[in-house]
Amino acid sequence: MNFIINIFKALLLKIKKTVWFLGLNAFWLILFIVLFEIVLGGFIFYKYAFLAEKHRPQITGSIIEFNDKAYRDALNELQAR
Amino acid sequence: METNTKIYTTLFVLILISLLSVMFLIWPLFEDIKKSSENLILTKDNIAVLKEQALKTENFENNYPIYGPNLQKIDQMFVDLNNPVDFIEFLETTAAGLQATSQISLPRSSPKQTNQNFIIFQFSSKGSFSNILSFIKEVESGPYLIELENLTIQNFQENQTQAASKKNISKDYSARQVEAVLAIKVFTQK
């Protein structure tokens, strides 16, 4: 039990130190967060707006079209009779 | 209030606000962006398909005066699935014209059920061998699009002896009375 409490205390101490460190370097932290936001925003814009806009439409569904080959085959068959 | 308590409370509140904003504001917004992007791509694809379809239809419409009369002729080559009487009459008339009897049996399963574009008629006929051959030729060159699936021909004159039969084969085989059973595959209109 003491072992777990010791680990928890050590973890809490680490967090405190980290937060303290971040607080001491608040300017750089804010600068990093702003840069991170810019990169993330840019990535989202590129992936979901720029690429979607640039997407070349693909004809994936089936298109009903006149089968010219079948028509000619049937016509040849008809003329052969 | 102690300074430490103030710090912890502020920290807790800030973390809570950050988590809640991520869960209920940023993440749904991100999902919306994702969905909108996918919808945009799908809509673009659909528009392209519709444009292509419109182009093909327009081309067909422009060429229809050329295709039209031939299409009607081609259409008549296929048997009407709901009413194959014309085809049956054609078989009977052709057989009667060649002095051959005719017996037609329709398929048990409907092509609509099996999603086929053809039906197979069992046709049996009795007549001279040459007339049966003429019948087959006439049916094949007739107005309907057919394919002979199977043909069985057997001797019909039972009272003849084996020797006489052999003699007849060498002498006048074409005049022999035979019974023919044909499986005729007839292509139908969809």
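Definitions and limits used
- Each chain carries its own residue numbering, running from 1 in the written order of its sequence.
- Just so you know, chain letters begin at A and ligand numbers begin at 1, following the order they were written in.
- Side-chain atom pairs in this predicted model are given and counted only at pLDDT of 80 or more, local residue features only at pLDDT of at least 70, and totals for whole chains, interfaces and linings cover all residues.
- As a rule here, side-chain values come from all non-hydrogen atoms in the structure, and water together with hydrogens is ignored.
- In short, DSSP must find at least two bridges between two strands for them to pair.
- Secondary structure counts use DSSP, requiring at least four H or I residues in a row for a helix and at least two E residues in a row for a strand, with both numbered from the N terminus.
- The convention used is that axes are lines fitted to C-alpha atoms, helices contributing only their stretch in contact, and that angles between N-to-C directions extend from 0 to 180 degrees.
- By the convention used here, residues are in contact when the closest approach between their heavy atoms is within 4.5 Å.
- Accessibility here uses a 1.4 Å probe with only protein chains present; expressed as a share of the type maximum, an area under 20% marks a residue as buried, one over 50% as exposed, and anything in between as partly exposed.
- Known as pLDDT, the predictor's confidence for each residue is given on a scale from 0 to 100.
- Two rings from Phe, Tyr or Trp (for Trp, the six-membered ring) form a pair when their centres are within 6.5 Å of each other. A pair whose planes differ by under 30 degrees is stacked, one over 60 is edge-to-face, and the rest are tilted.
- In this scheme the handedness of a crossing depends on how the near helix is turned from the far one: anticlockwise by less than a right angle means left-handed, clockwise means right-handed.
- Note that Gly is not counted as nonpolar here; it falls among the polar residues with everything else outside the nonpolar set of Ala, Val, Leu, Ile, Met, Phe, Trp, Tyr, Cys and Pro and the charged set of Asp, Glu, Lys and Arg.

1. Details of the sheet that holds strand β1 (residues 103-105) of chain B
Residue and element names in this part refer to chain B. One open sheet holds the four strands; their spatial order is β1-β2-β4-β3, and the pairing between them is antiparallel. Unpaired on one side and paired on the other, β1 and β3 (146-155) mark the two borders of the sheet. Here the average twist between neighbouring strands, direction ignored, is 15°. This element, helix α2 (residues 85-97), spans β1, β2 (118-128), β3 and β4 (177-187) of the sheet and lies at about 15° to β2.

2. Describing the pairing of β4(B)
Residues and elements named next belong to chain B. With eight of 11 residues buried, β4 lies mostly within the body of the structure. Of the pairings in the sheet, the one linking β2 to β4 comprises 11 bridges and is antiparallel in character. Directly across from Ser128, in β4, lies its bridge partner Gln177.

3. Description of the confidence of the model for chain B
Overall, the predicted model of chain B reaches an average pLDDT of 83, with 86% of residues at or above 70. Across chain B, helix α1 (residues 3-77) of chain B holds the top mean pLDDT of 90, while helix α5 (residues 162-172) of chain B sits lowest at 56.

4. Considering the packing of aromatic side chains
Residue and element names in this part refer to chain B. Under the counting rule described, the total for this entry stands at 17 aromatic pairs over all chains. Note on Phe60 and Tyr64: the rings are 5.7 Å apart at their centroids and 65° apart in plane angle, and the pair reads as edge-to-face. Of this pair, Phe60 and Tyr64 both sit in helix α1, four residues apart, which is roughly one turn of the helix. Residue Tyr64 is classed as partly exposed on the basis of its relative accessible area of 40%.

5. Points about the packing of α2(B) against helix α4 (residues 129-140) of chain B
Residue and element names in this part refer to chain B. Running from N to C, α2 and α4 point in directions that differ by 145°, and their axes come no closer than 10 Å. Every pair of crossing elements has a handedness; the one defined by α2 and α4 is right-handed. Each of Phe90, Leu91, Thr94 and Ala95 in α2 lies in contact with α4, whose residues at this interface are Phe135, Glu138 and Val139. For the contact of α2 with α4, the class distribution of residues is five nonpolar, one polar and one charged.

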